[in-house]
Amino acid sequence: MNFDSKQIKYQETINILVLGRPGGGKSTLINLLLNERKVRKGIGNTTTKLFSKYNHSKYPITFVDTPDFENDNDLNKMINFLNQTQTFLEKEKINFI
């Protein structure tokens, strides 16, 4: 399927939320999809502390980098992460996760 930038220009922005484990490559994936280095990344380290939005320079696509989800069996951390995510999702229209 070929996309014509004139067709895409008039569509609503597509918002994509990127979730994953610490050091899982979320920021690297976003940089690759944006074809530029907008997102700071740490090799195997947690660097994203807040929900951060990055717009594609050519197409109406926004990627949302999320705080790391650490599955270390700490119920309070898990509840805090889920609450942050829910609050963000209530404010933003997300098309894909």
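Before reading further, recall that the structure is shown in the block above.
Residues numbered from 1 in each chain as written. Predicted model: local features only at pLDDT ≥ 70, side-chain atom pairs only at ≥ 80, totals over all residues. Heavy atoms only, no water.

**Points about the packing of aromatic side chains**
Taken as a whole and assessed by the stated rule, the structure comprises 1 aromatic pair. Ring geometry for Phe-51 against Phe-88: centres 4.5 Å apart, planes inclined by 10°, an arrangement best described as stacked. Here Phe-88 lies in helix 3 (residues 75–91) and Phe-51 lies in the loop between helix 2 (26–34) and strand 2 (52–55), a separation of 37 residues in the sequence. (Phe/Tyr/Trp six-rings, centres within 6.5 Å; stacked < 30°, edge-to-face > 60°. Helix = DSSP H or I, 4+ residues; strand = E, 2+ residues; numbered from the N terminus.)

**Focus: helix 3**
The terminal C-alpha atoms of helix 3 lie 25 Å apart, and with 17 residues this matches the ideal 24 Å at 1.5 Å per residue to within 8%. Looking at the packing, one finds that the buried side of helix 3 touches strand 1 (14–18), strand 2 and strand 3 (61–65). (Expected span 1.5 Å × (residues − 1). Contact = heavy atoms within 4.5 Å.)

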